[in-house]
Amino acid sequence: MLKWYEQIVPDSDVVISSRVRLARNLETYPFSSKIADEQALALVEEVKGIHASLSEKENKRFYACNISTLSDIDKIAMVERHIVSPLLAEKEQATGLILSEDETISIMINEEDHVRIQAIVGGMNLERAYLEADRIDDIAYEKLHFAYDEKYGYLTSCPTNAGTGLRASCMVFLPALSSARMIQKLIEEVGKYGVTIRGIYGEGTKSLGSIYQISNQKTMGNSESEIIENLKRIVFQVVKQERKRREYMLSVNTDEIEDQVYRSYGVLKYARQISSDDAMTLLSQLKFGKDCGLIKFDREFNVHKLMMGVQPGSLQWTLGKNVGSLTRDQSRAEYIRKELPTIIN
Amino acid sequence: MLCDRCQKRDAKILYTEIINGVKKEQHLCEECATDYTSFQMEKPLMNSDLTLGDLLSTLLETYTGAGQKKAGTDTPALTCENCGMTYDEFIGKGRFGCARCYQSFHNQLSKTFKGIQGSDIHTGKRPKGLTATAQPGQVKRDISEIEMLSIRLQEAIEKEEFEEAARLRDLIKQMRKEEELNNA
């Protein structure tokens, strides 16, 4: 079964992936700010118990584990692939995870909320991501009694998530807008519509390789489909602006950009050691060139998969061991050489 | 030749615009040209005499206005019996202690939710197969006519029905004025 980031999807020149997260809590346990260690353990066990019925009803395999049993590399790699949040990976208390084999669905246990159901799909497809998460929510509700109030909706630990508990987001690639220093303006603009733009790993993180996250801010007062529809409209506006800016850049600067794209390919293809920041910058330029049709390859491939693969955690996870930074830079270069297809003219 | 817009950089682009048969030519620099064209792209979202910010601020006024109705501002040591979280602690941490906190702090929450969420009423999904626990009619409790109109205003903005939105905005303004007069 192909993972979401290995598939070839529409609109991925700008929208890399669409993600939906539902925050849920059980009535029977205190929320994360008040939960005791032994209650946390019991919570993790209780929620993990639903993985069998998920496998059965969803017709694909779901794995369940305690985060504490994972190695540090596993944890970092999972954060890099957006399977778990940094908070879940670092938490001292017992935390758990249920993950589908294609990595589309992940359920975090004892994060800021007791249960966080997350669905990621490639490209621009918020509706599908929501449908996936919604189905999982229904199946989970058969076993777990989620706290719900007729007025306030789903009750969450933080009031900013209450109501639908829905955070929808798109991961977008904005090289043209960010090189034109237009991101700040964009943030201010979309803010008027209750939408935020943040770095790649969410709150308080910086952007890597011109990748940003666009998500809804409000979770109460609007239905799930209204929230999705609103966000979708904003993302399409951003996509339109990015594409327009790309066209403009190309119209004034084709030769320079083309040269930059081929240079990036050259370094990526032949370097013997490369840091993750350098790799991200070069891959970002390569993706830009590929999306604009400036450079063609002998086979289709997903640049974003490589962008995730070169991250320190994912790289060591592929290697199956912890290695020092020099070895890591060498293995990263080797990994890219192997994954990168040949160019055709 | 200098750019017609900024008068600073060299004009490199001749930008021709035909609106309603009126032709307008401008010599622009690269920066202004992209600025100008992206500016044009956003234009259709706005109605000429009505900006979105205007509508949203009307919304916000309604919510905070509703909060000012002295819904018990003094709350001496309000505590959730279930988990022991006090109201002050909740405000300080910004986190609830348990599901019951929502009931315990009920009187204060409408204001909080309207402030941060723009609404204090969930209108989305209900858990499948949940039987109503509240008394009938409780779902839509505490909605004044103004709040109802605000919800419709919000919907109108989202659907980009700006004429309807403007009508609702004026209606809300008028109703609030009347309310103030009645209270005075």
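Above this text you will find the structure in question.
The model shown is predicted, which means the values in this text are computed figures rather than measured ones.

**Considering the nonpolar core**
Residues and elements named next belong to chain A. Grouped together as the largest cluster of nonpolar side chains are 93 residues, with contacts concentrated most on Val172, Ile214 and Val235. In terms of residue count, helix α8 (residues 224-270) provides more of this core than any other element does, seven residues in total. Setting aside its immediate chain neighbours within four residues, Val172 contacts Val14, Val15, Ile16, Tyr212, Ile214, Val235 and Val238. In terms of nonpolar packing, the next biggest core, distinct from the first, is built from 18 residues, Tyr265, Ala279, Leu282 and Phe288 among them.

**As for the sheet that holds strand β9 (residues 195-198) of chain A**
Pairing between the strands of a sheet comes from backbone hydrogen bonds, and it takes one of two forms, parallel or antiparallel. All names here are of chain A. In space, the eight strands of this open sheet follow the order β2-β3-β4-β5-β1-β8-β10-β9, with antiparallel pairing throughout. With one partner strand each, in any of the chains shown, β2 (62-66) and β9 form the two edges of the open sheet. The sheet shows a mean angle of 20 degrees between the axes of neighbouring strands, direction not considered. Where strand β1 (residues 15-24) lies against strand β8 (residues 166-173), seven bridges are found, and the strand directions are antiparallel. Across the sheet, the residue bridging to Ser18 is Cys170, located in β8. Helix α2 (residues 51-58) rests against β2 and β3 (96-100) of the sheet, and its axis sits at about 165 degrees to β2.

**Some points on the interface of chain A and chain B**
One frequent convention defines the size of an interface as the accessible area lost when the parts assemble. Listed per partner, the contact involves 39 residues of chain A and 38 residues of chain B. Residue assignment for the side of chain A that touches chain B shows that the elements contributing at least two residues are α5 (126-143), β6 (148-149) and α8 of chain A. Sorting elements by how many residues they give to the side of chain A that touches chain B places α8(A) first, with nine residues.

**Looking at unusual backbone geometry**
You will see that Ser210(A), though not glycine, has its phi angle at about 60 degrees, which is positive. Mapped onto the elements, Ser210(A) comes out in the loop between β9 and β10 (211-216). Judged by the 22 C-beta atoms lying within 10 Å of it, Ser210(A) falls in the buried class. Located in the positive-phi region is Glu160(B), a residue other than glycine, with phi close to 60 degrees. Following the sequence through the fold, Glu160(B) ends up in the loop between α6 (145-158) and α7 (162-183).

Rules used in this analysis
- Residues numbered from 1 in each chain as written.
- Chains lettered and ligands numbered in written order.
- Predicted model: local features only at pLDDT ≥ 70, side-chain atom pairs only at ≥ 80, totals over all residues.
- Core = buried A, V, L, I, M, F, W, Y, C linked by C-beta atoms within 7 Å.
- Buried ≥ 20, exposed ≤ 12 C-beta atoms within 10 Å, placed from the backbone.
- Helix = DSSP H or I, 4+ residues; strand = E, 2+ residues; numbered from the N terminus.
- Contact = placed C-beta atoms within 7 Å.
- Pairing = 2+ DSSP bridges.
- Axes fitted to C-alpha atoms, helices over the stretch in contact; angles between N-to-C directions.

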